Every structure is written in structure tokens, then in C-alpha cells.
Amino acid sequence: MNARTSAFLRSGILGAILVLGASSSTSAAQIVGGVRIIDRSVEEGLELCVVNTNLAAITLTITVKPDNARTDHPMPMIVSVPGPGTHPFTRLRPIQTDSDFGYRVRYDWLFGAREATHDSAHIYQLPFASGRQFEVVQGFHGSFTHGGNDDFAVDFGMPEGTPIHAAREGVVEIVVDRFDKGGLDPNLRDSVNFVLVRQADGTYAEYVHLRRKGAKVKPGQAVKAGDLIGLSGNTGYTRGPHLHFAVFRAIDGQRRETFPMRFRSRENPAAEPIEGTAYTAP
Ligand SMILES: [Zn+2]
């Protein structure tokens, strides 16, 4: 999933701030939203804060351009916010205190914490029911969409409505299942259903392309490996019904690192998924 970009301009004297702004966005964090930058008055000027209303951690790249003011930090800043709340990240101090001052801010964000380190010894369960077998239709570094932010993602081809089970325990933090459309149209990237689970090592697992109203979990819910997460589908940018699964951390507000993972199957006790190979859940 992609990052969201927003920008706005604020200027004025303390207590009479005029919003002149605009925002733009390109992406899938947009599907969820719930992230903004606010300021609040402090004795020496303004304190700038990230407001996150999502349960999940987010990471932002923020550039503040002050006008007749200076910030406490060099820009751009990479800011990781562990969860919901209002998180101060810098202060803006006017240079000439008898004149107006203001700032412009631009930020990109995506889900995930920067600090997470993946436990590469962990063996994942296949994300479907015991006894079922599905083929990896796109593996790590897959040429269709598995590069960059999705380098170590895996796609299992499966009919819509297939029960999806947690590959590893964690806490469900983001659930989107309101979308209905899917197909080979990049514009559909922004209308994809998915579930994000925060895992014990701080990484997130994503279960993507679920069917409309196909989520069987709620934000805040703890899941064990094997618990039902939802029903697969074909929403968003896809070339056919499948489950996209990836484990990741954030690098900055635009980039994330996905991690290779190994699965336990009837065919192999611990193997990285190979494109074109079918695996059976034990
Ligand atoms: Zn994929």
C-alpha cells in the first residue's frame, strides 16, 4: 500500500491563524485517513503535532517551511508515531516577534513503525484453513507488483470467499472492508480491503484484497495464529482473486521494508514461498 501526501499553509499572528491550505493525496493510506498535523500556541511560538486517530503506528516524512520563524529541528523530519493521540514533533519560533509568522507543511505517511525488527526465526502458518492448498501466483520480487514497498510480499491464488486465517498472532489494528471493485486498473489501488495485524516484534502483517464485508475481526482484537481473519476477495488493483500477504516496517513516510518470511506446510516444515508452487496448510 502506498503513502499519503498532504500539504497545507498556515500563516498569521499568534491566536489568529489563517488557513490557506490545500492537500493532495495519492494512495491507500487515504483509504483510512485519520492523520493530520495541527499546531497549538506555546509561550515561544507554536508547537506542531501529528494527530493520529488510527490504532496503528504510522511513520511520516514531514517538511515544515517556516516564514519569519525557525523550527527546532532540521527538515525534513522522519517521525514515527506509535499509536493514536497527539504527538508533538517540533516547535516554531518567530524571528521578528512584532511581525506575522507562519509555515507551510507537507507530509507523507504510511502505516508501520520504524523501530520494528523482524524475528526472522519465526515460521508462519499458511494464511488459510488446514487441509486447503493454494498456489503462489506471485512470489517475492514478483514482476507484476512485488517490488519496492512490496518486495517480499506473497500472493496466493484462491477463489473469492476463501476463509483467511491469521499467519501469526498479534493485534488487529486496521480493518477496511467497504470496497467492492477490483481489476487491472491502477486507479483501484485506493479501493482495496485489508486487515493489518501488529505482531509481537513490532512488524505488521497485511492481509489484502478481502471481499466486501469480508472482515471477521475488529480493531483492537487479539488474534492467535490460525484464527479466522476474514474472507478473501478481489478488491483493489488485482489481476484475479487472491490473497496478498506481507510483513513490514516503515522506513519513512513513503517507503517501507518488507521481510522475507517462511511458512510451515505439508510439503515443507519451513520454506520461503516459491512462485508457481502450491502449498497445503497442515
Ligand atoms: Zn501481492
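Predicted model only: the values in this text are computed from it and were never measured.

## Here's the deal with the overall build of the chain
On a plain count of helices and strands, the chain comes out with 1 helix and 24 strands. Here the chain, with 282 residues, has 45% of them falling under the buried criterion. Of all intrachain contacts in the chain linking residues separated by at least 6 positions in sequence, the fraction that spans at least 24 positions is 68%.

## Describing the nonpolar core
Grouped together as the largest cluster of nonpolar side chains are 69 residues, with contacts concentrated most on Ile58, Phe111, Val195, Leu196, Val197, Tyr207 and Phe245. Broken down by element, this core gets its largest block of residues, 7 residues, from strand E9 (residues 101-111). Counting contributing residues per domain, this core is built from domain 1 (4-111) and domain 2 (123-280), each supplying no fewer than three. If sequence neighbours within four positions are ignored, Phe245 has contacts with Pro127, Ala153, Val154, Ala167, Ala205, Glu206 and Tyr207.

## Structural notes on the sheet that holds strand E6 (residues 69-71)
Ordered in space as E3-E4-E8-E6, the 4 strands form an open sheet in which the pairing is antiparallel. At either end of the open sheet lies a strand with only one pairing partner, and these are strand E3 (35-42) and E6. Averaged over all pairs of adjacent strands, the angle between their axes in this sheet comes to 30°, without regard to strand direction. Pairing geometry for E6 and strand E8 (residues 85-94), over 3 bridges, is antiparallel. From the neighbouring strand, Thr71 faces E8, where its bridge partner is Leu92.

## Concerning the pairing of strand E16 (residues 194-198)
Along any regular strand the residues' side chains alternate between the sheet's two faces. E16 sits mainly inside the fold: 5 of its 5 residues count as buried. The side-chain alternation of E16 yields two buried faces, one formed by Phe194, Leu196 and Arg198 and the other by Val195 and Val197. Pairing between strand E14 (residues 170-176) and E16: 5 bridges, direction antiparallel. Its bridge partner lying in E16, Val175 is registered against Val195.

## As for unusual backbone geometry
In this model, Met75 is joined to Pro76 through a cis peptide bond whose omega is -5°. Note that Pro76 resides in the loop between E6 and strand E7 (77-81). The backbone of Asn68 shows a phi angle near 55°, a positive value even though the residue is not glycine. For His141, which is not a glycine, the phi torsion comes out positive at approximately 60°.

## Details of the environment of Pro82
For Pro82, the position within the fold is in the loop between E7 and E8. Spatially, the C-alpha atoms of Pro82 and Phe111 are 10.0 Å apart, while their sequence positions differ by 29 residues. The residues contacting Pro82, other than those within four sequence positions of it, are Ala57 and Ala113.

## Concerning the environment of Val154
Examined against the element boundaries, Val154 turns out to sit in strand E12 (residues 154-157). Expressed as a C-alpha distance, the spacing of Val154 and His141, which sit 13 residues apart in the sequence, is 8.9 Å.

Conventions we followed
Per chain, the residues get numbers from 1 upward, laid out in the order the sequence is written. Two thresholds apply to this predicted model, a pLDDT of at least 70 for residue-level local features and 80 or more for giving and counting side-chain atom pairs, whereas whole-chain, interface and lining totals are computed over all residues. Secondary structure is summarised from DSSP: a helix means a run of H or I of at least four residues, a strand means a run of E of at least two, and numbering begins at the N terminus for each. Partly exposed residues are those whose C-beta has more than 12 but fewer than 20 other C-beta atoms within 10 Å; with 20 or more the residue is buried, with 12 or fewer it is exposed, and the C-beta atoms are placed from the backbone. With C-beta atoms placed from the backbone, a contact is any residue pair whose C-beta atoms sit within 7 Å. Each nonpolar core reported here comprises buried Ala, Val, Leu, Ile, Met, Phe, Trp, Tyr and Cys residues connected via C-beta atoms within 7 Å. What marks off one domain from the next here is an automatic or database domain assignment. A pair of strands is treated as paired once DSSP finds two or more bridges between them. Where helices are involved, their axes are fitted lines through C-alpha atoms of the stretch in contact, as for all axes, and angles between N-to-C directions lie from 0 to 180°.

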